[in-house]
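A closer look at the structure
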Amino acid sequence: MLEKKVIISLGRQFGSGGQQTGKRLAEILGIEYYDRELIDEIARANGLDPEYVAQHDEKAPGFFDYALAGRIGSPHLFGSSQSFVMLSDTLKQLAAEKSCLIVGRTADYILREEPNLIKLFIHAPYKYRIRFLCKERGITADEADSLIVKNDRERSRFYDFFTDKTWGQADSYDLCVDVTKLGGEENTAQFLADYVRRRMERFE
């Protein structure tokens, strides 16, 4: 049991093993883990069908939202996406209640006022990501390549639209880690757990 509350936001490249690393990190620290689980939380809090919430998960607003944003000079237009408002409310509620690790979904930006927030980002070489997805999903290299391009693009558009930062850029996070440098997800999770504990020593 951690002595102090900690909120961890974990950004990740698609196919980098970020999800597995994050889940293991949460287990090591003994804190709640939220990824797809957020869809159920948002749906429950707002009386919506989880499938409807999932359709908008980590998706940027469409063309007309971008056009309007440029017209009035605003890069965000938080009010233009009700799904983002619901996401923000849910994340803030979770962060207020307990220690947790939240995967993606601009959690680092939404919870930027949290004093005990640690912002992490997991990445990996492209060839590793191809191999990882081929093994994990039983797909071809071409299929893995298409998934990486599509998912990274969606995550980047979502993050860049709703924040004043750049997805995957080092200065948007406290620590960026290549999962291959320490030999995979388990070793990376152990390394990050040590980092989190050391950071927590400096929490008030």
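The structure this text deals with has already been given above.
Attention in this report is confined to the structure presented alongside it. (Residues numbered from 1 in each chain as written. Predicted model: local features only at pLDDT ≥ 70, side-chain atom pairs only at ≥ 80, totals over all residues. Heavy atoms only, no water.)

Structural notes on unusual backbone geometry
Unusually for a residue other than glycine, Arg 105 sits at a positive phi of about 60 degrees. The topology assignment puts Arg 105 in the loop between strand 3 (100-103) and helix 6 (107-110). The exposure class assigned to Arg 105 is buried, which follows from its relative accessible area of 2%. The backbone of Thr 106 shows a phi angle near 55 degrees, a positive value even though the residue is not glycine. With respect to the helices and strands, Thr 106 occurs in the loop between strand 3 and helix 6. (Helix = DSSP H or I, 4+ residues; strand = E, 2+ residues; numbered from the N terminus. Buried < 20%, exposed > 50% of the residue type's maximum accessible area, 1.4 Å probe, protein only.)

As for the environment of Gly 15
With respect to the helices, strands and loops of the structure, Gly 15 is situated in the loop between strand 1 (7-12) and helix 1 (18-29). Owing to a relative accessible area of 9%, Gly 15 belongs among the buried residues under this scheme. Dropping the residues within four chain positions of it, Gly 15 is found in contact with Tyr 128, Arg 129, Phe 132 and Leu 133. (Contact = heavy atoms within 4.5 Å.)

Description of empty space enclosed by the protein
Evaluation of the coordinates by the stated rule reveals two cavities of 30 Å³ or more. There is about 130 Å³ of room inside the largest cavity. Contributing elements (two or more residues each) for the lining of the largest cavity: helix 3 (50-55) and helix 5 (82-97). The greatest single-element share of the lining of the largest cavity, amounting to four residues, is contributed by helix 5. Looking at the lining of the largest cavity residue by residue, the classes come out as eight nonpolar, two polar and three charged. Of the voids in this model, the second largest cavity is the one considered here, and its volume is about 100 Å³. Around the second largest cavity, the lining is made up of 15 residues, and of these Gly 11, Gly 104, Arg 105, Thr 106 and Tyr 159 lie nearest the centre. Taken together, the residues that form the lining of the second largest cavity break down as six nonpolar, four polar and five charged. (1 Å grid on protein atoms, 1.4 Å probe; cavity = no way out; pocket = protein on both sides within 12 Å on 5 of 7 lines; lining within 4 Å. Points joined across faces, edges and corners; volume = space filled by probe spheres on them. Nonpolar A, V, L, I, M, F, W, Y, C, P; charged D, E, K, R; others polar.)

A word on the pattern of salt bridges
Scanning the entire structure with this criterion turns up nine salt bridges. With its nearest N and O atoms 2.9 Å apart, the salt bridge here joins Arg 105 to Asp 35. With Arg 105 in the loop between strand 3 and helix 6 and Asp 35 in the loop between strand 2 (32-34) and helix 2 (37-46), the pair connects residues that are 70 residues apart, well separated along the chain. Residue Asp 108 pairs with Lys 165 through a salt bridge whose shortest N-O separation is 2.6 Å. Remark: Lys 165 occurs in the loop between helix 8 (141-162) and strand 5 (175-178) and Asp 108 occurs in helix 6; sequence separation between them is 57 residues. You can call Asp 108 buried: its relative accessible area is 5%. (Salt bridge = Lys/Arg side-chain N within 4 Å of Asp/Glu carboxyl O.)

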